[in-house]
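Structural overview
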Amino acid sequence: MKSPFTGKEMKRVYEKRTWNFRGEQFEYEHIAWLCEDSGELFTDDASDTAGFIQVTNQYREKYGIPYTDEIIAVRQRYGISAAKMSLILGIGVNQYRLYEQGEVPNVSNGRMIRSIMNPRVMLEMVESSRNELSVSDYEKITDKVKAIIANHEAYKMELYETRRIFNKPRGANNGYAQLSLNRLKNIMLYVLNRCDDVWCTKMNKLLFYIDFISYRERGMAMTGLSYWAIDYGPVPERWDRIYSEFPEVRQELRQVGDFVGSMLIASAEPDLSIFTDEEQKVLDSICTHFSKMTSREISRISHDEEAWIRHHGNHEHIPFEDAFLIKAI
C-alpha cells in the first residue's frame, strides 16, 4: 500500500490489540501499513475484515455458534431456501440471510442452527412449523429429511473418514478452517496441477504456507489441518494418511541419485468453484512463489521461519497466531 501523503510504499506492521465484541474483549492481530514519514497507520477493507474474523471466530468457538459456511451447508443439505429455513427456525428471513452473509448469530439462534445439523432434530422442527408451510413444502422437506436419516450409515462413514484425517475439532488449532475432505482434496489437486515435482516433503511445506498465509490474510486457514514443528520443518498432523486418502492423488516411488521417496501425482483437475476469490488468490500466490523450488529448497526456507524455530525444539504444535511471523511470502 502506498502512503496517501508521500506516495511511497509503506511497511506492513502487525500489532496485538483487543476488540470489544458483544461486551467481551478478544485479542487479535491488527494489520496495518506504516507511513514512516508521517508516523500514521493505515488499514484497508481486507485487513479490517481479517481482524474482525479473528475476533468473531473466537466468539463462535467459545459459544458453540456455527461458522458461516456451516450455516449455508446445513440449509443446502436439506435442500430448502433461506426463506423456508427462516420460517422453520422462527427467525426473520432478513436476519437469517444476514447469518449466511457472515453476521454472527446470537447464542440462542446459533445453537438452534447447530442443533438442526442432527436430522432428527430438524424433523421435529419441521413438524413444529407444519401449519406455516404449504402441504407440498411440508411433504417435500419431510421426505428429504427422512431420506437423510435413512442414509445415516453413509453419513457415519463420512464422519469417520473426516475424523480420521482431521485430528482436531474446528477451532484455533486448525485456524478455524472448515473440516472438509473435498476441500482438502481440491487444494492438493490445485497444488499438484500448478507446482513442479511435488514430493511429500514439498507438499507438507506448501500446505503449511497455504494455511498460515490464508490465516494471516483472511483470518481463517483453508485445509483444516494442524501442524507440528519437527526437525525437518513444519508438517501437517497425520500427513501420511492425507496423501493416501484420495484416489485422485497417488504416490509414486521415485529415485533421484541416492534419494528414494514418494512423489505425489494428480489424476484430476481441481474444482475451483468451491473456493472464494480470496482463497484462490492465496493458493495462486503460494504456488507462484514456490512452484519451481525443490523439496530441499522449500524445507530450508521453512527452517528460517520463526513459527517453526519457536516450537521445533520440543516438537510442538505450531499455533496459528504465529502466522504473523511468516516472512517467506
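Scroll up for the structure.
None of these values were measured; they are calculated from a predicted model.

1. A closer look at the overall build of the protein
Looking only at helices and strands, the protein has 14 helices and seven strands in total. Here the C-alpha radius of gyration of the protein, 22 Å, is about what a compact globule of 329 residues would show, namely 20 Å. Relative to its 329 residues, the protein shows a buried fraction of 45%. Contacts in the protein between residues at least 24 apart in sequence constitute 63% of all its contacts with a sequence separation of at least 6. As displayed, the protein has an accessible area near 16600 Å², and 49% of this comes from carbon and sulfur atoms. Of note, the protein has its 42 positive side-chain charges centred 3 Å away from the centre of its 49 negative side-chain charges.

2. Some points on the side chain of Glu-279
For Glu-279, the location among the structural elements is in helix H12 (residues 277–290). Taking relative accessible area as the criterion, Glu-279 reaches 6% and is therefore assigned buried. The residues contacting Glu-279, other than those within four sequence positions of it, are Arg-183, Arg-218, Met-222 and Ile-274.

3. Quick word on the packing of aromatic side chains
With the rule as written, the count across this model stands at 19 aromatic pairs. With 4.3 Å between their ring centres and 15° between their planes, Phe-212 and Phe-320 make a pair best called stacked. With a gap of 108 residues between them, Phe-212 in helix H10 (residues 200–218) and Phe-320 in the segment after helix H14 (306–309) connect regions that are remote in the sequence. Judged by its relative accessible area of 0%, Phe-212 falls in the buried class. Accessibility expressed as a relative area gives 3% for Phe-320, which makes it buried. Taken together, the ring pairs in this structure connect Tyr-14, Phe-208, Tyr-209, Phe-212, Tyr-215, Tyr-227, Phe-290, Phe-320 and Phe-324 into an aromatic cluster. Directly above the ring of Tyr-155 sits Arg-77, whose terminal nitrogen or CZ lies 4.6 Å from the centroid.

4. Digging into the packing of H10 against helix H13 (residues 295–302)
Two elements in contact, H10 and H13, have axes whose closest approach is 8 Å; the angle formed by their N-to-C orientations is 40°. Taken together, the axis directions place H10 and H13 in an arrangement best described as oblique. Crossing angle aside, the handedness with which H10 passes H13 is left-handed. Residues Thr-201, Lys-202, Lys-205, Leu-206 and Tyr-209 of H10 touch H13, and the partners they reach there are Ser-295, Ile-298, Ser-299, Ile-301 and Ser-302.

5. A short note on the pairing of strand E7 (residues 259–266)
Of the pairings in the sheet, the one linking strand E6 (residues 249–256) to E7 comprises eight bridges and is antiparallel in character. Paired with Glu-252 across the bridge in E7 is Met-263. Joining the antiparallel neighbours E6 and E7 is a turn of two residues, in which Gly-257 adopts a positive phi near 65°.

6. Some details on helix H1 (residues 45–63)
Note: α-helices contain 3.6 residues per turn, so residues at a spacing of three or four share the same orientation. Its 19 residues give H1 an end-to-end C-alpha distance of 27 Å, which sits within 8% of 27 Å, the value for a rise of 1.5 Å per residue. Buried positions along H1 lie against strand E1 (11–21), strand E2 (24–34), helix H2 (68–78), helix H5 (107–115) and H10. One or two steps after H1, the chain reaches Gly-64, where phi turns positive at roughly 70°.

7. Quick word on H13
By the burial criterion, the buried members of H13 are Ser-295, Ile-298, Ser-299 and Ser-302. Seen end-on, H13 carries its buried residues on one side only, within an arc spanning 105°. Looking at the packing, one finds that the buried side of H13 touches H10, strand E5 (233–236), H12 and H14.

8. Things to note about the packing of helix H9 (residues 181–194) against H10
Between H9 and H10, the shortest axis-to-axis distance is 11 Å and the interhelical angle comes to 115°. Between H9 and H10 the crossing geometry is right-handed. Packed against H9, whose contacting residues are Ile-187, Met-188, Val-191 and Leu-192, the element H10 presents Met-203, Leu-206, Leu-207 and Ile-210 at the interface.

9. What to know about the pairing of E2
The buried fraction of E2 is high, at eight of 11 residues. Relative to E2, E1 is paired through 11 bridges, and the arrangement is antiparallel. Paired with Val-13 across the bridge in E2 is Ala-32. Counting the residues that bridge the hairpin from E1 to E2 gives two residues, and of these Arg-22 lies at a positive phi of roughly 55°. Pairing of E2 with strand E3 (residues 41–42), which is carried by two bridges, proceeds in the antiparallel orientation. Its bridge partner being in E3, Trp-33 is matched across the sheet by Phe-42.

Reading the values: rules and limits
- Residues numbered from 1 in each chain as written.
- Predicted model: local features only at pLDDT ≥ 70, side-chain atom pairs only at ≥ 80, totals over all residues.
- Heavy atoms only, no water.
- Helix = DSSP H or I, 4+ residues; strand = E, 2+ residues; numbered from the N terminus.
- Rg over C-alpha atoms; globule rule 2.2 N^0.38 Å.
- Buried < 20%, exposed > 50% of the residue type's maximum accessible area, 1.4 Å probe, protein only.
- Contact = heavy atoms within 4.5 Å.
- Areas by Shrake-Rupley, 256 points an atom, 1.4 Å probe, with all protein chains shown as cover.
- Lys, Arg positive; Asp, Glu negative; His and termini not counted.
- Charge placed at Lys NZ, Arg CZ, Asp CG, Glu CD.
- Phe/Tyr/Trp six-rings, centres within 6.5 Å; stacked < 30°, edge-to-face > 60°.
- Lys NZ or Arg CZ within 6 Å of the ring centre and 35° of its normal.
- Axes fitted to C-alpha atoms, helices over the stretch in contact; angles between N-to-C directions.
- Parallel < 35°, antiparallel > 145°, perpendicular 65-115°, else oblique.
- Left-handed = near helix turned anticlockwise from the far one by under 90°.
- Pairing = 2+ DSSP bridges.
- Expected span 1.5 Å × (residues − 1).
- Arc of directions from axis to C-beta.

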